Amino acid sequence: MKIAIIGAGMAGLATARRLGDAHEVVLFDKSRGVGGRMSTRYAGEYEFDHGAQYFTITDPAFREAVATAGQDASAVLWDSRGFYMKAGRAGPDTGRPRWVGAPRMNSLPKALAAGLDIRLGRRIASVQGSAGALQLQFEDGATEGPFDRVICTAPAPQAAALLPDGSPLQADLARVRMHACFALMVGWPEPFDPDWDTLRAPDLPVSWIARNQAKPGRNADISSLVVHAAPDWSDAHVESDRDHVRALMLDTASTLCGRALDGAPHIDLHRWLYAYAEGGVGRDCLSDDASGILLAGDWCLGGRVEGAFLSGRAAARRVLQG
Ligand SMILES: Cc1cc2nc3c(=O)[nH]c(=O)nc-3n(C[C@H](O)[C@H](O)[C@H](O)COP(=O)(O)OP(=O)(O)OC[C@H]3O[C@@H](n4cnc5c(N)ncnc54)[C@H](O)[C@@H]3O)c2cc1C
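The numbers attached to residues start from 1 for each chain and follow its sequence in the written order. Local features in this predicted model are restricted to residues of pLDDT 70 or higher, and side-chain atom pairs are both shown and tallied only at a pLDDT of 80 or more, whereas totals for entire chains, interfaces and linings draw on every residue.

### A few points about the overall build of the protein
Then comes step 1: Helices and strands together make up the secondary structure of the protein, namely eight helices and 20 strands.
Then comes step 2: By principal-axis analysis of the C-alpha atoms, the protein measures approximately 60 × 40 × 35 Å.
Then comes step 3: For the protein, with 322 residues in total, the buried portion stands at 48%.
Then comes step 4: For every residue pair, C-beta atoms are placed from the backbone, and the pair is scored as a contact if these atoms sit within 7 Å. Sequence separation of 24 or more characterises 67% of the internal contacts of the protein that already satisfy a separation of 6 or more. Put simply, DSSP H or I for four residues or longer makes a helix, DSSP E for two residues or longer makes a strand, and each gets a number counted from the N terminus. Each residue is classified by how many other C-beta atoms fall within 10 Å of its C-beta atom, where C-beta atoms are placed from the backbone; a count of 20 or more means buried, 12 or fewer means exposed, and values in between mean partly exposed.

### Re the site of the ligand
Then comes step 1: Here, nearness means that the C-beta atom of a residue, built from backbone geometry, sits within 6 Å of the molecule or strand in question. Around the ligand lies a shell of 37 residues, among which G7, G9, G36, R37 and D298 are the nearest.
Then comes step 2: Breaking the shell around the ligand down by element, the ones donating at least two residues are α1 (10-19), β2 (24-29), α4 (156-162), β14 (177-188), β18 (266-278) and α8 (305-321).
Then comes step 3: Per element, the largest residue contribution to the shell around the ligand is three residues, and it comes from α1.
Then comes step 4: Residues of the shell around the ligand, tallied by class, amount to 19 nonpolar, twelve polar and six charged. Residue polarity is assigned by list, with Asp, Glu, Lys and Arg as charged and Ala, Val, Leu, Ile, Met, Phe, Trp, Tyr, Cys and Pro as nonpolar; anything else, Gly included, falls into the polar class.

### As for α8
Then comes step 1: Over its 17 residues, α8 runs 25 Å from end to end, which matches the ideal 24 Å to within 8%, given 1.5 Å per residue.
Then comes step 2: Burial analysis of α8 places 13 of its 17 residues in the buried class, which makes it a mostly covered element.
Then comes step 3: Just downstream of α8, G322 is the residue with a positive phi angle, here 85°. By this rule the span expected of a helix is its residue count minus one, scaled by 1.5 Å.

### Some thoughts on unusual backbone geometry
Then comes step 1: The omega torsion of the bond from A102 to P103 falls at 5°, within 30 degrees of zero and hence cis.
Then comes step 2: By secondary structure assignment, the location of P103 is in the loop between β8 (98-101) and α3 (107-113).
Then comes step 3: Omega for the peptide link from G145 to P146 comes to 0°, which places this bond in the cis form.
Then comes step 4: Phi is positive for A87, close to 45°, though the residue is something other than glycine.

### A look at the sheet that holds strand β16 (residues 206-211)
Then comes step 1: Overall, mixed pairing links the seven strands, which are arranged β7-β6-β15-β16-β17-β14-β18 in an open sheet. The sheet is open, and its two borders are formed by β7 (89-92) and β18, each paired with just one other strand. Going across the sheet, the axis of each strand differs from the next one's by a mean of 20°, ignoring polarity.
Then comes step 2: Taken together, the four bridges between strand β6 (residues 82-86) and β7 define a ladder with antiparallel strand orientation. The partner of M85 across the bridge, within β7, is A90. For two strands to count as paired, DSSP must find a minimum of two bridges between them. Here, axes are lines fitted to C-alpha atoms. For helices the fit covers the stretch in contact, and angles between N-to-C directions go from 0 to 180 degrees.

### Description of α1
Then comes step 1: In terms of burial, α1 is a largely internal element, ten of the ten residues being buried.
Then comes step 2: Every buried residue of α1 is listed here: M10, A11, G12, L13, A14, T15, A16, R17, R18 and L19.

### Considerations on the sheet that holds strand β10 (residues 124-128)
Then comes step 1: With antiparallel pairing, three strands are arranged side by side in an open sheet as β10-β11-β12. Edge positions in the sheet fall to β10 and β12 (143-147), since each of these pairs with one other strand and no more. In this sheet, adjacent strand axes meet at a mean angle of 15° when their direction is disregarded.
Then comes step 2: Sheet topology places strand β11 (residues 134-138) next to β12; three bridges connect them, and they run antiparallel. Its bridge partner lying in β12, L136 is registered against E144.

### Considering the packing of helix α2 (residues 60-69) against α8
Then comes step 1: Across the interface, α2 lies against α8 with an axial gap of 10 Å and an inter-helix angle of 100°. When the axis of α2 is compared with that of α8, the two are roughly perpendicular. The segment α2 lies against α8, with A61, F62 and A65 engaging E306, F309, L310 and R313.
Then comes step 2: When grouped by side-chain class, the residues that make up the contact of α2 with α8 number five nonpolar, no polar and two charged. Under this scheme an angle from 65 to 115 degrees is roughly perpendicular, one under 35 degrees roughly parallel, and one over 145 degrees roughly antiparallel; angles in between are oblique.

### Some remarks on the packing of α1 against α8
Then comes step 1: As a packed pair, α1 and α8 sit with axes 7 Å apart at the nearest point and diverge in direction by 35°. With respect to the hand of their crossing, α1 and α8 are arranged in right-handed fashion. Contact with α1, carried on its side by M10, A11, G12, A14, T15, R18 and L19, involves V305, A308, F309, S311, G312, R313, A315, A316 and V319 of α8 and no other residues of that element.
Then comes step 2: Of the residues that constitute the contact of α1 with α8, the class distribution is ten nonpolar, four polar and two charged. Left-handed describes a crossing in which the near helix is turned anticlockwise from the far one by less than a right angle; the clockwise case is right-handed.

Put into structure tokens, the structure is as follows:
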């Protein structure tokens, strides 16, 4: 079959790797690079993993995929010093081992993307037609097709905008709630070590700070902090003035770091409109056999990198089973 996959994040890449041997697969992504929310922002000497911070591994299939892709060391364990603050209590942030892309978070998706047919900078506006005769309509007016199947791995609200109003998949999509996240990136040329690599503070407007330079393979001689605002706080400020958001986040982050950050030579703010999915949809992927459209993504399985991989794999399985 000829299959189009929308999105070259973890879910789309996992789907394509599984289907690629059996079918003719092409991926489309509106971004300039692969990885979706597992991305890295470059600013001169500074680099920031401003989306996913690390990932955990529980499923053997995901473990195997990471091990295979990681043979070139594109995924490694991060032995990080995590610190946790909640309700006036503080202590070590313990949990499952943390994995990261190396030397950047996008190194893992790049390794998974090797050899795939990926068309970047292509924003799809709608999916039309039915199984065997599906067409992709692009924002610039171009069309591609026909495809036998279309697998969309965009975040749920973006997937909903691409599908026809009458699609039976719309009801499931409408139930998915996704939260925004503001990511503040602060860089300066000297090292900085407050005795932690990550700080989690779920009660505060700034709920996460990571010393990006402390991850394996990064330049540890400079400082590159990634500061995330809490999901509820980000939702509440999603349309607020960016300078205001930036000033509030800098203020809280400065207090948490014990040093003024507002004079740093590099400060940038990114808004992730659909950062985290709440819960899941109770199925690892969704499909409408009549239209030939399938949906996958982290939002099916609770909103993490591993969930995105497993959902992508599930969509591929569904296609292979016919
Ligand atoms: C700030 C932040 C922090 C996070 N922290 C963690 C963490 O520490 N650990 C963890 O496990 N997870 C974390 N996550 C979540 C993790 O990044 C996601 O679960 C995972 O990367 C989602 O993969 P995906 O393939 O489902 O979606 P995405 O990565 O979002 O990929 C979807 C792709 O679809 C493309 N797309 C969308 N619409 C269109 C269109 N119309 N046309 C063409 N292309 C389109 C997008 O450009 C994107 O590349 C974090 C996310 C964010 C934003």
